[in-house]
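The lines below spell out each chain.
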Amino acid sequence: MSATAQTAPRMAITGPGVISDDASSPPAVQQPNAGDIVVTARRRDERLLDTPVAITAVGGARLARYEVTTVSDLASQVPSLLAGKAASGSSASIFLRGVGSTALSAAFDQSVSFVIDGLAMSRGREISLPQFDVQQVEVLKGPQALYFGKNTTGGLISIRTNGPSDRLEAGIKGGYEFEARQKYVEGYVSGPLSDSLKVRVAARYSDSDGAFTNTAADTYTAYIPGQVRTRTSDRRGGAETFGVRGTAIWEPAPNLKFELKGGYSSVQDGGPSDNVERLCGGGRTTPLSANGIPPSPNADCAVNVSTAEQKPATVAE
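Because the structure is a prediction, the values reported are computed rather than measured.

1. Considering the overall build of the protein chain
Then step 1. In terms of regular secondary structure, the protein chain is built from four helices and 21 strands.
Then step 2. Counting across all 317 residues of the protein chain, residues that qualify as buried make up 34%.
Then step 3. Summarising the internal contacts of the protein chain: among those between residues at least 6 apart in sequence, 52% fall at separations of at least 24.
Then step 4. In the form shown here, the protein chain has an accessible surface area of approximately 19100 Å², with 55% of it arising from carbon and sulfur atoms.

Laid out in structure tokens, this is it:
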């Protein structure tokens, strides 16, 4: 004698006047409304509140307000993010929540990777690129191997730039910073060329003398006998950067869209070590010799900002 058990279909009320035949059915994703923060952490547009990922999203308006023009500047807006230049290798040192990679080799993938407009970049050199006309930056914390690859073990920095607008728009801004003697100008032009084609062109130029004083003498003898070196500038940390980006969107049909982005960036500076100063312990004012090689006669074991114009007495003499 056998018996069979039958179960009745499960019914659940998921909302006013709405009945579902399965209580385990996932709720429908709510469409973003005006004012919602929309992110692409899972390769699709969705509200930040609906995304089960640890994200810090920074909008373009805030980036412009705080003059965030490099990834290093972004660290001031994102908790637990450390980003800066190192003196060797790829010159990138990026850590997120204490996880990151050193800059010993430019051939290694960083633990905190970059995605700029959907293009993966993981060598760390992107830290020096000028960032302008940015729509939003998303910093994803923790491993992101499912959507962005195995090299994102520490996290991901996703940068989305602005696209073409539906009507003609243009803007330009500039500024001058007294400490580093920096001058910059940035602008964009955007709008439709036809009913199906829209374009946007944005560019930025910046020139800075540097915020640190070069305490080296005009000419001095290095630790190599008979070698005389000449100071090239009275400042350190200066850079000249230029970037331009073009975007075109073509929609030949309501359900078909082609998007093309292209850009060019140029960075000329004194190298990563231009911002590095050796600090000494034990109250010393000059570094110790390394492997029998004496230190530079210009090293004074102090960070010399642009307000300190004095040269060390041993160098000036």
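Having put the structure on the table, let's press on.
2. Notes on the nonpolar core
Then step 1. Membership of the largest hydrophobic core comes to 20 residues, with the highest contact counts inside it found for L63, L74, L81, I94, V137 and I157.
Then step 2. Secondary structure elements with two or more residues in this core: α2 (71-74), β6 (81-85), β7 (92-96), β9 (112-116), β11 (134-141) and β12 (155-161).
Then step 3. Among all residues touching V137, those that are not within four sequence positions of it are T56, A57, V58, L63, L74, I157, S158 and I159.
Then step 4. Within the second largest apolar cluster, seven residues are counted, among which are V39, A41, L140 and F148.

3. Notes on the environment of T241
Then step 1. For T241, the position within the fold is in strand β20 (residues 239-253).
Then step 2. For T241, a relative accessible area of 15% puts it in the buried group.
Then step 3. For the pair T241 and D207, spaced 34 residues apart in sequence, the C-alpha to C-alpha distance is 6.5 Å.

4. Re the environment of A216
Then step 1. The residue A216 is located in the loop between β16 (212-213) and β17 (219-221) in this model.
Then step 2. In this structure the C-alpha to C-alpha distance between A216 and T230, which are 14 residues apart in sequence, comes to 8.7 Å.

5. Observations regarding unusual backbone geometry
Then step 1. Although it is not a glycine, S80 adopts a positive phi angle of roughly 70°.
Then step 2. Within the fold, S80 resides in the loop between α2 and β6.
Then step 3. Assessed through its relative accessible area of 36%, S80 is described here as partly exposed.
Then step 4. For D133, which is not a glycine, the phi torsion comes out positive at approximately 50°.

6. What to know about the pairing of β9
Then step 1. When you tally the buried positions in β9, you get five out of five residues, the bulk of the element.
Then step 2. Alternating residues of β9 divide into V112, F114 and I116 and S113 and V115, and every residue in both groups is buried.
Then step 3. Strand direction decides the pairing type here: β9 and β12, joined by five bridges, are parallel. Residue pairing for β12: V115 is matched across the bridge by S158.
Then step 4. In the sheet, β9 pairs with strand β10 (residues 119-121) via three bridges, with the strands oriented antiparallel. Note that in β10 the partner of F114 across the bridge is M121.

7. Thoughts on the sheet that holds β20
Then step 1. Taken in spatial order, the five strands line up as β13-β14-β15-β20-β21 in an open sheet, and their pairing is antiparallel. Only two strands of the sheet have a single neighbouring strand rather than two, namely β13 (169-177) and β21 (256-269). Sheet twist, expressed as the mean angle between neighbouring strand axes with direction ignored, is 5°.
Then step 2. With twelve bridges connecting them, strand β15 (residues 197-208) and β20 associate as antiparallel partners. Within β20, the position partnered with V201 by the bridge is G246.

Criteria and cut-off values
Residues numbered from 1 in each chain as written. Predicted model: local features only at pLDDT ≥ 70, side-chain atom pairs only at ≥ 80, totals over all residues. Heavy atoms only, no water. Helix = DSSP H or I, 4+ residues; strand = E, 2+ residues; numbered from the N terminus. Buried < 20%, exposed > 50% of the residue type's maximum accessible area, 1.4 Å probe, protein only. Contact = heavy atoms within 4.5 Å. Areas by Shrake-Rupley, 256 points an atom, 1.4 Å probe, with all protein chains shown as cover. Core = buried A, V, L, I, M, F, W, Y, C linked by side-chain atoms within 4.5 Å. Pairing = 2+ DSSP bridges. Axes fitted to C-alpha atoms, helices over the stretch in contact; angles between N-to-C directions.

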